[in-house]
Amino acid sequence: MTTITKQTRPYGSWESPITTDLLVQLKSSFGDITVDPTTKTVFWLSNLPEEDGRGAVYAKRLGHSESVRLTPAPYNCRTRVHEYGGGAFTVRDNILIFSNDADFRLYRIDLAYPEKITPVIQDSSKKYRYADLHIHPSGDFLLAIREEHMEDDRPETVVSTIVAIRLNVSFASGHNVHTLASGHDFYSSPRLSPADPTRLVYVAWDHPNMPWDFTQLHEARLHIDPSGAISIASTTQLAGDTIDESIVQPKFASDGTLYFASDRSGFWNLYRADAPGAAHLLLPHPVEEEFADPAWVFNTSSYDPLPSHPHRLIASHGHTLSILDTKTRTLTDLPTGFTNHSAVRALDDTHVVFLGSSPSQNSTIVAFNLKTRTTLPTIATSGPALSADIISHPQLITFPTTNNKHAYGYYYPPTNPSFQAPANTLPPLRVLSHGGPTSACSDSFNIPILYWTSRGFAVVNVNYGGSSGYGREFRNRLRGQWGVVDVDDCCNAARYLVAQGLVDPQKLAIQGESAGGYTTLACLAFRDVFTVGCSLYGISDITLLAKDTHKFESRYPDGLIGPYPEKEELYHERSPIHSADKILCPCIFFQGLEDNVVPPAQSEIMVEAIKKKSVPVAYVTYEGEAHGFRKAANIKRTVELELWFYGKMWGFEPADRIEEIPISNMVTI
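Residues numbered from 1 in each chain as written. Predicted model: local features only at pLDDT ≥ 70, side-chain atom pairs only at ≥ 80, totals over all residues. Heavy atoms only, no water.

Going by the annotation in an unreviewed UniProt entry, the name recorded for the chain is Alpha/Beta hydrolase protein, with Jimgerdemannia flammicorona given as the source organism.

Draft legend 1. Quick look at the overall build of the chain. When helices and strands are tallied, the chain shows 10 helices and 39 strands. Over its C-alpha atoms the chain spans a radius of gyration of 25 Å, differing by no more than 12% from the 26 Å that the globule rule assigns to 669 residues. In terms of overall dimensions, the chain has a C-alpha envelope of 80 × 65 × 50 Å along the principal axes. Within the chain, buried positions represent 60% of all 669 residues. Counting contacts in the chain only where the partners sit at least 6 residues apart, residues at least 24 apart contribute 58% of the total. Put simply, the chain shows about 26,300 Å² of open surface, and 48% of that area lies on carbon and sulfur atoms. The centroid of the 57 positive side-chain charges in the chain is displaced by 2 Å from the centroid of its 74 negative side-chain charges. (Helix = DSSP H or I, 4+ residues; strand = E, 2+ residues; numbered from the N terminus. Rg over C-alpha atoms; globule rule 2.2 N^0.38 Å. Buried < 20%, exposed > 50% of the residue type's maximum accessible area, 1.4 Å probe, protein only. Contact = heavy atoms within 4.5 Å. Areas by Shrake-Rupley, 256 points an atom, 1.4 Å probe, with all protein chains shown as cover. Lys, Arg positive; Asp, Glu negative; His and termini not counted. Charge placed at Lys NZ, Arg CZ, Asp CG, Glu CD.)

Draft legend 2. Here's a closer look at the packing of aromatic side chains. Summed over all chains, the structure comprises 31 aromatic pairs. With centroids separated by 5.9 Å and ring planes inclined at 25 degrees, the aromatic side chains of phenylalanine 98 and tyrosine 107 adopt a geometry described as stacked. The same class applies to phenylalanine 98 as to tyrosine 107, namely buried. Put simply, the rings of Tyr84, Phe186, Trp205, Trp212, Trp296, Phe552 and Tyr556 touch in pairs and so form one group of aromatic residues. Lying over the aromatic face of tyrosine 271, arginine 264 brings its terminal NZ or CZ to 5.0 Å of the ring centre. Note that lysine 551 overlies the ring of phenylalanine 186, its terminal NZ or CZ placed 4.9 Å from the centroid. (Phe/Tyr/Trp six-rings, centres within 6.5 Å; stacked < 30°, edge-to-face > 60°. Lys NZ or Arg CZ within 6 Å of the ring centre and 35° of its normal.)

Draft legend 3. Local environment of the pattern of salt bridges. Applying the stated criterion to the full structure yields 25 salt bridges. Ionic pairing is found between aspartate 263 and arginine 475, a salt bridge with its closest N-O pair at 2.8 Å. Placement of the pair is aspartate 263 in the loop between β19 (258-262) and β20 (269-275) and arginine 475 in helix α3 (residues 472-475), with a sequence separation of 212 residues. This pair shows no difference in class: aspartate 263 is buried, exactly as arginine 475 is. Lysine 648 is the partner of glutamate 660 in a salt bridge, and the nearest nitrogen-oxygen pair spans 3.3 Å. In this pair, glutamate 660 sits in the segment after α10 (632-650) while lysine 648 sits in helix α10, placing the two residues 12 residues apart along the sequence. (Salt bridge = Lys/Arg side-chain N within 4 Å of Asp/Glu carboxyl O.)

Draft legend 4. Representation of the nonpolar core in the model. Formed by 86 residues in total, the largest nonpolar core has its most connected members in Leu217, Leu270, Leu429, Val431, Trp482 and Phe530. Looking at this core, you find at least three residues from each of domain 1 (31-306) and domain 2 (386-540 + 575-650). Contacts of leucine 217, omitting those with residues within four sequence positions, involve Val201, Tyr202, Val203, Thr236, Gln237, Leu238, Ala239, Ile247, Pro250, Leu258 and Phe260. Counting 45 residues, the second largest nonpolar core, distinct from the first, contains Val24, Ala632, Trp650 and Ile663. (Core = buried A, V, L, I, M, F, W, Y, C linked by side-chain atoms within 4.5 Å. Domains from an automatic or database assignment.)

Draft legend 5. Structural detail: the environment of threonine 520. Following the sequence through the fold, threonine 520 ends up in helix α5 (residues 515-526). Given the relative accessible area of 0%, threonine 520 is considered buried. Separated by 207 residues in the primary sequence, threonine 520 and leucine 313 have C-alpha atoms spaced 40 Å apart. The contacts of threonine 520, once residues within four sequence positions are left out, are Ser433, Ile510, Gln511, Gly512 and Cys534.

Draft legend 6. Here's a closer look at the sheet that holds strand β24 (residues 320-325). Strand order in the open sheet made by the 4 strands is β22-β23-β24-β25, with antiparallel pairing throughout. The outermost strands of the open sheet, each flanked by one partner alone, are β22 (303-305) and β25 (330-333). Between one strand axis and the next, the sheet turns by 25 degrees as a mean value, whatever way the strands run. Inspection of the sheet shows β24 paired to β25 by 4 bridges, in the antiparallel sense. (Pairing = 2+ DSSP bridges. Axes fitted to C-alpha atoms, helices over the stretch in contact; angles between N-to-C directions.)

Draft legend 7. Just the environment of alanine 626, in detail. Note on placement: alanine 626 falls in the loop between β39 (617-622) and α10. Using a relative accessible area of 14% as the deciding quantity, one classes alanine 626 as buried. C-alpha separation for the pair alanine 626 and glutamate 594, spaced 32 residues apart in sequence, amounts to 4.5 Å. Setting aside residues no more than four positions away along its own chain, alanine 626 makes contact with Arg80, Gly592, Glu594 and Asp595.

Draft legend 8. Structural detail: unusual backbone geometry. With an omega dihedral of 5 degrees, the bond running from histidine 207 to proline 208 counts as a cis peptide bond. We note that aspartate 32 has phi near 50 degrees; this positive angle belongs to a residue other than glycine. Along the chain, aspartate 32 turns up in strand β2 (residues 30-36). The backbone of serine 514 shows a phi angle near 60 degrees, a positive value even though the residue is not glycine. With respect to the secondary-structure elements, serine 514 resides in the loop between β36 (508-513) and α5. Take serine 514: its relative accessible area is 11%, and that puts it in the buried class.

Draft legend 9. Summary view of the domain arrangement of the chain. Examined at the domain level, the chain breaks down into domain 1 (31-306) and domain 2 (386-540 + 575-650). Averaged C-alpha coordinates put domain 1 and domain 2 at centres separated by 34 Å. Taken together, the contact pairs 21 residues of domain 1 with 18 residues of domain 2. Carbon and sulfur atoms make up 47% of the area that domain 1 and domain 2 hide from each other, which totals about 1,600 Å². (Buried area = accessible area lost by both parts, 1.4 Å probe.)

Draft legend 10. Fine view of the packing of helix α1 (residues 20-27) against α10. Remark: α1 packs on α10, axes separated minimally by 9 Å, with the N-to-C direction vectors making an angle of 125 degrees. Between α1 and α10, the interaxial angle falls into the category oblique. Here α1 runs over α10; the crossing is right-handed. On the side of α1, the interface is formed by Thr20, Asp21, Leu23, Val24 and Lys27, while α10 contributes Ala632, Ile635, Lys636, Val639 and Glu640. (Parallel < 35°, antiparallel > 145°, perpendicular 65-115°, else oblique. Left-handed = near helix turned anticlockwise from the far one by under 90°.)

Draft legend 11. Focus on the UniProt feature "domain: Peptidase S9 prolyl oligopeptidase catalytic" (unreviewed entry) in the chain. The sites that UniProt annotates as "domain: Peptidase S9 prolyl oligopeptidase catalytic" (unreviewed entry) are residues 448-649. Along residues 448-649, the helical share is 43% and the strand share 14%, with 21 Å between the first and last C-alpha atoms. (UniProt positions renumbered as here; feature names shortened; annotations may be inferred.)

Draft legend 12. Region of the structure containing the sheet that holds strand β7 (residues 95-99). Pairing in this open sheet of 4 strands is antiparallel, and the strands run β6-β7-β8-β9 from one edge to the other. Both outer strands of the open sheet, β6 (89-92) and β9 (117-119), are each paired with one neighbouring strand and no more. Put simply, the sheet's adjacent strands are angled 20 degrees from each other on average, direction ignored. Note: β6 against β7, 4 bridges, orientation antiparallel. Its bridge partner being in β7, valine 91 is matched across the sheet by leucine 96.

So this is what it looks like as structure tokens:
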């Protein structure tokens, strides 16, 4: 057995096989996974950082070795409905329809003749956006969520509707789009019953609610008159009578049974809708696990009924994938080998497809055989596997926080088989505050975190109060307390690891994106814990979020802080920009110049304020990037510059060769 002699270098200076090129390769994401049971084909959307983040649709037939790219360049399959998108394509009977980001139009591909791509929508003004696409069983029309944007694009002028788009007539007349449902601020999940294609269900909600606050489930009857006009004949509310119930993911089984997820018990559990107001829990009693997630995007799927056994559902909950039998009301766990399961789709009665991951396995599209209880050859994965000895395995921590409560996180120790740090030194800590803020981190394989741990950093990914995955009560900790609870929990996670003797108390960094960037800046402005900060398109002035953001989140701050302008003083008090004189540690900012969620002005105001305090600050902007960086060069540059910035502030030299940038107020000794 060969013994490897470790080199001794300071934390942060270790050489790592996890390069930024590998980081980009393994960071490629999958979305909108769907299946065609007739052809045993799996379809998915993959973002390609090497092509400036272009979204391309792929397909692979079960048992085949190669996947096929269906949407060629320059088409970019993406939808910006709610800004976060989802449901950007759909497939049925060999017809693929997708949303193209360049002009927001829908396009059609007959997969028997894939070289022919034709528009479905006439309008190319970018006035309309489409998402959550589903083709009617007849193939004659398409259901979609449509967002209509006026020229000024103010949130209050954006109109959301459910539309039917006729596919069997020419769009040249402009009369192939029919409005089915309107009047609510938001819609999602239009789904048709396989047993009765005139039976339509959908979810709707209104300001100031978010879809994890309060939604309603509706059922409607489709009517098609002799001229081909499509309308709704009647509408009934099935569920959602109380203001503290979030209903998501309605689905029909093959026999017409309607299922949905609701958090009426405090956790998203699965129910059957038998009649208006009559919903039955599928298990004998509510389970304190989530069977669904916050509906940030369209077309998510955490469960799916089997085609020929409509009483049996394949369901993801916690870290487990199970068969839920609605007759025996039991769960049978499946040995998938993964700890996280999403995008669950029943391909047939024998095979289920899902997106799986674990601490040591990157996101992988998996087909699982329900009879043999085995996984089939991988359908798609983000890249090559890493050597086991370079992977830092997350340790779940529960730590004390404010008001005698506890919060959670995943702690990753520095891990590199080739290096060790000098004796009697402790690693720097990088605290991550996730975005949302109604979201969560998990123990899934996380190549960006491994980039840092393999260079000698400790990392903690914090699930602060308000995070999802722990039930409504935990989620509601942030109601009216954004900028307080999340800040306390991130600070207390760092304090906990210092008290455990695991990290250097003088080298504590916090990094966050979007809403996590707000938590980052609030920690720096209102607490004295961290010595460096890094914000990626973070919110610095939350009054601007209330006044200048897109429709989907325009009233989100009402629940997180309070109604604006009634609570304007509180917004001012919790905005880091107004306490910039309290920020005494260096910061680096990264910002996309086409970001409509968090406009560049927010980062620019913060940078200028910190400059005036003579605190070291760096500001990096990217042309052509919106909310979240998609281009490979920019993803790599961001990670490298964050590492370089920490080195400058803490006095270590990264092993990587990194082109430097100016740092305002940097004093060279």
